[in-house]
Amino acid sequence: MTAASSSFWDRLADQYARQPIADEAAYQTKLRVTRSYFRPDMSLLELGCGTGGTAISHAPFVAHIRALDFSERMLDIARAKAMAAGVDNVTFEQADISALSEPPGSYDMVLGLSILHLLKDPDAVIGRVHAMLKPGGLFITSTACIGDTMAALKFIAPLGRAFGLLPQLHVMTGAELLDKFTRAGFTIAHQWLPGRGKALFVVAQKQG
């Protein structure tokens, strides 16, 4: 995590927290599909938890969630929301996702919603997640595959980032994203695209 990436999201945190979810129906579907894989004894890791809404929503169904984000301001809001909701089995931490290193087989499931396209090297993170999952573990993601609809952003995004107008953006297609999972050793258990220009929802499984 760089200071620039952290400060970008710190600046947006309060506005982000006030915004309604762009596609509530699709979001609820993703929550339901994710919960269909839950067991009460599961240990989860969430990458890019933002202001904590997804982790807090899932908390009653699993043993523990470790939720990480770049932005300390986002995490301040998440902790306050968890306290207000009486949720005590989610741990919110600031961490550099791109440098995350955990012992092999640490987690039953890793969540990465709206995060892979914001990483400089998503392949490296997908590989790390594969290693930290238990056999049969799941990596559940929702990713903006900008290359399918706005391929020109591959050239525009670096300039926008240099001026502080855009975050780090990794421009890829849905096919390229799925290839990243399979090359890391995952099989695709489920995929869903709610519509053109929408984020691609993927359940990727590590072989047991």
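Thresholds applied
Residues numbered from 1 in each chain as written. Predicted model: local features only at pLDDT ≥ 70, side-chain atom pairs only at ≥ 80, totals over all residues. Heavy atoms only, no water. Helix = DSSP H or I, 4+ residues; strand = E, 2+ residues; numbered from the N terminus. Buried < 20%, exposed > 50% of the residue type's maximum accessible area, 1.4 Å probe, protein only. Contact = heavy atoms within 4.5 Å. Phe/Tyr/Trp six-rings, centres within 6.5 Å; stacked < 30°, edge-to-face > 60°. Core = buried A, V, L, I, M, F, W, Y, C linked by side-chain atoms within 4.5 Å. Pairing = 2+ DSSP bridges. Axes fitted to C-alpha atoms, helices over the stretch in contact; angles between N-to-C directions.

Engineer: It is not clear to me how the overall build of the chain should be interpreted in this structure. Could you clarify?
Structural biologist: Looking only at helices and strands, one finds seven helices and seven strands in the chain. Ordered by position in the sequence, the α and β elements of the chain form the string α-α-β-α-β-α-β-β-α-β-α-α-β-β. Taken over 208 residues, the chain has a buried fraction of 47%. The long-range share in the chain, meaning contacts at least 24 apart out of those at least 6 apart in sequence, stands at 71%.

Engineer: Could you clarify how one ought to interpret the packing of aromatic side chains in this entry?
Structural biologist: Two numbers describe a pair of aromatic rings. These are the distance of the centres and the angle of the planes. Under the criterion given, the structure shown has three aromatic pairs. Here the aromatic rings of Phe139 and Phe186 are separated by 6.1 Å at their centres, their planes lie at 40°, and the arrangement is tilted. Of this pair, Phe139 sits in strand β5 (residues 133–143) while Phe186 is found in strand β6 (residues 186–192), placing the two residues 47 residues apart along the sequence. Accessibility expressed as a relative area gives 0% for Phe139, which makes it buried. For Phe186, a relative accessible area of 3% gives the class buried. Ring geometry for Phe181 against Phe186: centres 6.0 Å apart, planes inclined by 85°, an arrangement best described as edge-to-face. Grouping residues by exposure puts Phe181 and Phe186 together as buried. In textbook terms, an aromatic cluster arises when at least three aromatic residues are bridged by ring pairs, as seen for Phe139, Phe181 and Phe186.

Engineer: Would you take a moment to explain the environment of Arg66 for this structure?
Structural biologist: As for its position among the elements, Arg66 is in strand β2 (residues 64–69). Spatially, the C-alpha atom of Arg66 lies 4.9 Å from that of Thr91, the residues being 25 residues apart in sequence.

Engineer: Which parts of the structure should I look at to understand the nonpolar core?
Structural biologist: Note on soluble globular proteins: their nonpolar side chains tend to be buried together. If you look at the biggest cluster of nonpolar residues, it comprises 27 residues, and the most contacted ones within it are Leu47, Val110, Leu116, Phe139 and Phe181. Of all elements in the fold, only β1 (43–47), β4 (107–113), α5 (122–132), β5, α7 (174–183) and β7 (200–206) reach the threshold of two or more residues within this core. Considering each element in turn, this core owes the most residues, four residues, to α5. In this structure, Val33, Met42, Leu138 and Val203 belong to the second largest nonpolar core, which totals 23 residues.

Engineer: Sorry, what's going on with unusual backbone geometry here?
Structural biologist: Excluding glycine, residues mostly carry a negative phi; peptide bonds, for their part, are mostly trans. The phi dihedral of Ser114 is positive, around 60°, even though this residue is not glycine. Positionally, Ser114 belongs in the loop between β4 and α5.

Engineer: Even after reading the chapter, I still don't get the sheet that holds β4, so can you show me in this structure?
Structural biologist: Sheets are built from strands that pair by backbone hydrogen bonding, the pairs being arranged parallel or antiparallel. Strands sit in the order β3-β2-β1-β4-β5-β7-β6 across an open sheet of seven strands; the sheet is mixed. The strands lining the two open edges of the sheet, one partner per strand, are β3 (90–94) and β6. Across the sheet, the mean angle separating the axes of adjacent strands is 15° when strand polarity is ignored. As paired strands, β1 and β4 are joined by three bridges and run parallel to one another. Paired with Leu44 across the two strands is Met109, which belongs to β4. Sitting on the sheet, α5 is in contact with β1, β4, β5, β6 and β7, with an inclination near 145° to β5.

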